[in-house]
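What the coordinates show
Each chain, written out:
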Amino acid sequence: MSIPIDISEESGVRYLHFGSDWVQGAMRLRKPNALELSYTREMMAGLLFREAPWPARVLLIGLGAGSLAKFVHHHLPQARVTVVEIAPEVHAVARQYFRLPDEDERLEVHIGDGAAFVQDDPRQWDLIAVDGFDRHARAGALATQAFYSACRRRLAADGILSVNLFGQLRGFKTQLQRLRKAFDGRVLDLPECDSGNVVALATTPGGQSFDLATLKLRAAGLKAATGLDLLPALSRLEKSGACPDGTVTL
């Protein structure tokens, strides 16, 4: 069954919709490789907790407007990216309207089911980013215990799983519980964005503490180098009371 796709533009930003008002992706026309939506920026928050040349191998589940794929391909030249997108029409729209580059030795797009791909493909990944919703904002198989457990098996030793959750959905707390179970509690959920999205980070080793001041310095460096601004996310994390001793544990 094909996905109904709509495209809108406002104030220099092009938006992707799956037949509803929900925004499934966005691109500022003058900055096509930037991460326009706040939650997409926070999907890359793992960069604060690892140092280059991390990540070398990136798996993106869900293409949308191609924002994460474009950002990694453009700003992280050491990374090879594999994208799994269930709907071929989404891939076509991302290329035609959102400037997704052609596939090359650093970018591979696989049309198929993301949950099945993680179960079946034996490769290990430094970063797995999951952002897959249908037109009703439902994640389906990408929100199950089996899927999160499979993601853990596919992470490299220093790997990070980044998941876009929707805090306003009834099943949000259940998803977070499943994620924590799969990773033995080694999960950092960032405070909810203004859009209602909650980005959760999970790691295989876990338990490592990071000084908040150091993370802010890294965020400033990332902003200068790539335009990626994670300082607001750190500020919200600090105000939430999640790091009372000045450290963040992941």
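See the structure shown above.
The next thing to look at is the sheet that holds strand S3 (residues 23-28). Read from one edge of the open sheet, three strands run S1-S2-S3, paired in antiparallel fashion. Two strands bound the open sheet, and with one partner strand each, they are strand S1 (6-10) and S3. If you compare each strand with its neighbour and ignore which way they point, the axes differ by 20° on average.

Take unusual backbone geometry next. If a residue is not glycine, its phi is most likely negative; likewise, a peptide bond is most likely trans. Cis geometry is found at the peptide bond from Ala 52 to Pro 53, where omega equals 15°. For Pro 53, the position within the fold is in the loop between helix H1 (38-42) and strand S4 (57-61). Residue Pro 55 is bonded to the preceding Trp 54 through a cis peptide linkage, with omega at -5°. With respect to the helices, strands and loops of the structure, Pro 55 is situated in the loop between H1 and S4. The phi dihedral of Ser 11 is positive, around 55°, even though this residue is not glycine. The phi angle at Arg 99 is positive, at roughly 60°, despite the residue not being glycine. Relative to the assigned elements, Arg 99 resides in the loop between helix H3 (88-97) and strand S6 (107-111). The partly exposed category is assigned to Arg 99, whose relative accessible area is 45%.

This part takes up the side chain of Arg 154. Of note, Arg 154 is situated in helix H5 (residues 145-154). Look at Arg 154: it is buried, it has no salt bridge, and the nearest opposite charge is Asp 121 at 6.2 Å. Within polar-contact distance, the side chain of Arg 154 engages the backbone oxygen of Asp 121 at 2.9 Å.

About the criteria used
Residues numbered from 1 in each chain as written. Predicted model: local features only at pLDDT ≥ 70, side-chain atom pairs only at ≥ 80, totals over all residues. Heavy atoms only, no water. Pairing = 2+ DSSP bridges. Helix = DSSP H or I, 4+ residues; strand = E, 2+ residues; numbered from the N terminus. Axes fitted to C-alpha atoms, helices over the stretch in contact; angles between N-to-C directions. Buried < 20%, exposed > 50% of the residue type's maximum accessible area, 1.4 Å probe, protein only. Lys, Arg positive; Asp, Glu negative; His and termini not counted. Salt bridge = Lys/Arg side-chain N within 4 Å of Asp/Glu carboxyl O. Polar contact = N/O pair within 3.5 Å; in protein donor to acceptor, adjacent residues only side chain to side chain.

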